Amino acid sequence: VIGETDMYLVERVIDGDTIYVTSTGDLDSKSIIKVRLLGINAPEIKHQGNDVNECYGNESKDFLTKLVLGKKVRLESDTQKQDIYNRELRFVYLGDEMINTFMLENGMAYKLFIPPNRSYELEFDMALEYAKSNLYGVWTYCYLDDKRAK
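Heads up: these notes are all about the structure in this document. (Residues numbered from 1 in each chain as written. Predicted model: local features only at pLDDT ≥ 70, side-chain atom pairs only at ≥ 80, totals over all residues. Heavy atoms only, no water.)

A word on helix α1 (residues 57–68). With 12 residues, α1 extends 17 Å from end C-alpha to end C-alpha; this agrees with the ideal 16 Å at 1.5 Å per step. Where α1 is buried, its residues contact β1 (7–15), β2 (18–23), β5 (72–76), β6 (88–94) and α2 (99–105). Just downstream of α1, Gly70 is the residue with a positive phi angle, here 80 degrees. (Helix = DSSP H or I, 4+ residues; strand = E, 2+ residues; numbered from the N terminus. Expected span 1.5 Å × (residues − 1). Contact = heavy atoms within 4.5 Å.)

Aromatic ring pairs are described here by two measures, namely the spacing of the ring centres and the angle between the planes. Here the structure, examined in full by the defined rule, presents six aromatic pairs. Ring geometry for Phe113 and Phe124: centres 5.0 Å apart, planes at 90 degrees, overall edge-to-face. Within this pair, whereas Phe113 is found in the loop between β8 (110–112) and α3 (121–133), its partner Phe124 is found in helix α3, the two being separated by 11 residues in sequence. Of the residues examined, Phe113 reaches a relative accessible area of 14% and is grouped as buried. Judged by relative accessible area, Phe124 falls into the buried class, the value being 0%. Ring geometry for Tyr130 and Tyr136: centres 5.7 Å apart, planes at 65 degrees, overall edge-to-face. Here Tyr130 falls in the partly exposed class, since its relative accessible area comes to 42%. What makes Tyr136 partly exposed here is its relative accessible area of 31%. (Phe/Tyr/Trp six-rings, centres within 6.5 Å; stacked < 30°, edge-to-face > 60°. Buried < 20%, exposed > 50% of the residue type's maximum accessible area, 1.4 Å probe, protein only.)

For the coordinates displayed, the defined rule picks out six salt bridges. With a shortest N-O distance of 3.5 Å, Arg36 and Asp17 are connected by a salt bridge. Of this pair, Arg36 sits in strand β3 (residues 32–37) while Asp17 sits in the loop between β1 and β2; the two residues are 19 residues apart in sequence, bridging distant segments of the chain. With respect to class, Arg36 is no different from Asp17; both count as buried. Residues Glu121 and Arg118 are paired through a salt bridge, measuring 3.0 Å at the closest nitrogen-oxygen approach. The structure contains a network of salt bridges with shared partners spanning Lys111, Arg118, Glu121 and Asp125. (Salt bridge = Lys/Arg side-chain N within 4 Å of Asp/Glu carboxyl O.)

Below you can see the structure in the form of structure tokens.
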């Protein structure tokens, strides 16, 4: 069970929207948890089980890695706790900063809300518009050929 006030250590970054964390509490009960950042969809990169390498995927992963790898984060859930791949669906916080919206406002991901998870949608809309209007990240040149941008 993931506690909303517990802190978790980011052990690994898979891509721009998926991380592995471990609890920072009791050493005897540490387990590795795969977390999918809610509300965003980062460009795909080649990794185990995925042969696609989308525009800005590596940059997105590198950006998230520099932000959170080796740091303690807090996880917040929405209505749906897991996806069909058994990943924990969470908003990820580093201090008071929500990493999900930070990725979006820096153009490192696209907005993706799948019902019933709708918390913070207005904040995500504002972050997306900020990145698009400033041509950050994927909005610099990737969006021209990307169906998700329309």
